[in-house]
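Architecture at a glance
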Amino acid sequence: SSQINRKTVSIVGSGPSGFYTAYHLLKKSPIPLNVTIWEKLPIPFGLSRYGVAPDHPEVKNCEETFTTCAEEFSLPTNKKHKFSFVGGVTIGKEILLKTLLDEQDAVVLSYGCTGDRKLNIPGEQGTKGVFSSREFVNWYNGHPDFAQDERFTDFNWGKVSKVGIIGNGNVALDITRVLISSQIDEIWKATDISPLALKLVRKAPVKDVRLIARRDFVHSKFTNKELRELWELEKFGIRGSIGSKFFQKEMFDPSKYDRAFNRRVEMCSEYLKPFDERSKKNYKKTPPPSTGYEKFWELDYLKTPLEINRDGAGAIKSLTLCNNQIHEDNSLQLLKNSSNILIYDMDLLITSLGYAGIPLPEFSNLSIGFDRDHVANKQGRVLTTDGEIFPHLYASGWIRKGSQGVIASTMQDAFEVGDRIMQDLTVSGALSSEKSIDLSNIRHSTWEDWERINKKEVLRGRKEHKPRSKFLTLEELWSNIED
Ligand code: FAD
């Protein structure tokens, strides 16, 4: 295959956006391509592996598409295109972005959102029992940077009864499910949740989980499917509620809202009724246990956290908040007079405000633009700090638009960016010579290495009827690659 001169594309990050960009290019490009995905971890798939909830295995089906694609295009029999996965290499560290830009015909940034949005209130840093959703989710999904983090392993889970979650997107709902149902084997036993995390979370006698949002019910961020899943935990004695100040069916004139929202109103008003009073057959499903309800979750609205309060040992004791008001023009006002200040006791607080996009260290030197939480770009073509097109640099997925959107919309986005790359590569004149980047002195993993890790994890899991049992540290991952 060496006689084919291919154009080279380097993709930074092996999450859904990186892989769907590669997939689209390899399936659709009329000109021969040599596509490399660079991933900082020795294993692929980003948030499909380390974000998506363990009890939603069907969401991870995209990994099968990526695997089929990688296998097909890694084969030497595939003469036109070439694909490689390079794991364990952080772009900006072991290999510079500058090197990729100098030596490749196109570079795609799809490294996701690697930081946390913050509340920026006193006590957020350094208080025991306060975690961001990214930290907490990475922990229970067995991410090697978090799986054995002492902030989790040293925390006294045995005293966690009241939980606060700031935010009410699907991630907040995932976290609520984990915390409130961890003791139910039927849900977690056959999943790939980190056994270290599950063992600790199960010790927590969680009674109340409160999901706190700045705005009102109309502005809730979760989807109906995830919300219904929470309501349906009822059969395990887990009961949801929404204060009548924030939700009554009559508050929402159906002619003013879309179908999905009207269905949400219908769903909540049915589930809020006692089981026997529900009218619709599909809202009856399975009755609560005869012992009644033992655990509760609540959607709470129109409040802003002001301060996290600690006990003598430096652990969270309570959260101070104020009431908010929404005006006609949709602006939010914080009411800070004493009658609007509240204190919620809590033993654990998770801030679920979204993942934050972080610029790579070289961005400022290279004059690559960054808008608040994503790479500055026009339809996926990256812009300089002056707003000009940065030659042959692209962005896709969460780092292109900020941390929003599910895998399906991320795929759509990646396909569109893939189309732009193909357009540009087709008109960009004579082929440069196909260069490869020297990896001889850099520890890295290949697609075959991942396939071996994958086999081992699946085999370990099978004994326990789980889809897999993940290796939880970088040492374990590397030693299983190098043995
Ligand atoms: P990511 O998936 O974050 O991938 C980025 C990759 O880049 C990572 O592998 C990272 O290690 C790597 N990387 C970072 N920096 C570098 C660097 N410098 N060099 C090399 N590599 C680097 N969507 C659904 O459809 N259904 C769900 O149920 C669902 N649940 C979710 C639950 C959670 C908790 C979260 C956070 C998201 C969920 N999503 C879900 C959304 C979905 O995960 C995202 O839409 C998708 O993963 C975004 O893909 P991405 O490739 O842009 O980013």
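Our subject in this report is the structure included herewith. (Residues numbered from 1 in each chain as written. Predicted model: local features only at pLDDT ≥ 70, side-chain atom pairs only at ≥ 80, totals over all residues. Heavy atoms only, no water.)

This part is about the sheet that holds strand E6 (residues 130–132). Here six strands make up an open sheet; going across it, the order is E6-E15-E7-E8-E10-E9 and the pairing parallel. The open sheet has two free edges, formed respectively by E6 and strand E9 (238–242), since each of these has just one partner strand. On average, adjacent strands in this sheet sit at an angle of 15° to one another, irrespective of strand direction. In terms of strand pairing, strand E7 (residues 162–166) meets strand E15 (residues 348–351) through four bridges, oriented parallel. From the neighbouring strand, Ile166 faces E15, where its bridge partner is Thr351. Those strands touched by helix H5 (residues 133–140) are E6 and E15, and its axis lies near 85° from that of E6. Helix H7 (residues 170–181) rests against E7, strand E8 (208–212), E9, strand E10 (295–300) and E15 of the sheet, and its axis sits at about 170° to E8. (Pairing = 2+ DSSP bridges. Helix = DSSP H or I, 4+ residues; strand = E, 2+ residues; numbered from the N terminus. Axes fitted to C-alpha atoms, helices over the stretch in contact; angles between N-to-C directions. Contact = heavy atoms within 4.5 Å.)

To continue, consider the layout of surface pockets. Unoccupied space between atoms shows up once a probe the size of one water molecule is rolled over them. Roughly 360 Å³ of internal volume is contained in the second largest pocket. Within the residue set of the lining of the second largest pocket, elements represented by two or more residues are strand E1 (7–12), strand E2 (33–39), strand E3 (82–87) and helix H15 (447–462). Among the elements that make up the lining of the second largest pocket, the one with the highest residue count is E3 (five residues). Looking at side-chain class alone, the lining of the second largest pocket contains seven nonpolar, 10 polar and four charged residues. (1 Å grid on protein atoms, 1.4 Å probe; cavity = no way out; pocket = protein on both sides within 12 Å on 5 of 7 lines; lining within 4 Å. Points joined across faces, edges and corners; volume = space filled by probe spheres on them. Nonpolar A, V, L, I, M, F, W, Y, C, P; charged D, E, K, R; others polar.)

Now for the packing of aromatic side chains. The description of two aromatic rings rests on the distance between their centres and on the angle between their planes. Counted under the stated rule, the structure contains 36 aromatic pairs. Each ring, one from Phe83 and one from Trp447, has its centre 6.5 Å from the other, and the planes form 75°; the classification is edge-to-face. Placement of Phe83 in strand E3 and of Trp447 in helix H15 is noted, with a sequence separation of 364 residues between them. Judged by its relative accessible area of 3%, Trp447 is buried. Note on Tyr257 and Phe261: the rings are 4.5 Å apart at their centroids and 40° apart in plane angle, and the pair reads as tilted. One aromatic cluster in this structure is built from Phe19, Tyr20, Tyr23, Phe45, Phe66, Phe83, Phe85, Phe415, Trp447 and Trp450. The ring of Tyr344 has Arg210 sitting right over it, with the charged end atom 4.3 Å from the ring centre. (Phe/Tyr/Trp six-rings, centres within 6.5 Å; stacked < 30°, edge-to-face > 60°. Buried < 20%, exposed > 50% of the residue type's maximum accessible area, 1.4 Å probe, protein only. Lys NZ or Arg CZ within 6 Å of the ring centre and 35° of its normal.)

Let us now look at the pattern of salt bridges. Under the defined criterion, the tally for this structure stands at 29 salt bridges. Its salt-bridge partner being Asp373, residue Arg117 comes within 3.2 Å of it at the nearest N-O pair. Remark: Asp373 occurs in the loop between strand E17 (370–371) and strand E18 (374–375) and Arg117 occurs in the loop between strand E5 (115–116) and E6; sequence separation between them is 256 residues. Residue Asp373 is classed as buried on the basis of its relative accessible area, which comes to 8%. Asp449 is paired through a salt bridge with Arg452; the nearest N and O atoms lie 3.1 Å apart. Pair noted here: Asp449 and Arg452 are both in helix H15, with a separation of three residues, about one helical turn. When its relative accessible area of 34% is taken as the criterion, Arg452 is described as partly exposed. Residues participating in the shared-partner salt-bridge network are Asp55, Asp174, Arg177, Glu226 and Glu229. (Salt bridge = Lys/Arg side-chain N within 4 Å of Asp/Glu carboxyl O.)

This next bit is on the site of the ligand. As a matter of local geometry, the ligand sits amid 32 residues, with Ser17, Glu39, Leu47, Trp398 and Ile407 nearest to it. Protein coverage of the free-state accessible area of the ligand, which is 1000 Å², stands at 92%. If you list the elements that add at least two residues to the shell around the ligand, you get helix H1 (16–28), E2, helix H2 (46–50), H7 and helix H14 (407–427). Among the residues making up the shell around the ligand, the classes are represented as 16 nonpolar, 13 polar and three charged. Both of domain 1 (7–114 + 357–445) and domain 2 (116–353) provide at least three residues apiece to the shell around the ligand. (Near = heavy atom within 4 Å. Areas by Shrake-Rupley, 256 points an atom, 1.4 Å probe, with all protein chains shown as cover. Domains from an automatic or database assignment.)

Keep in mind these numbers describe shape, not what the thing actually does.
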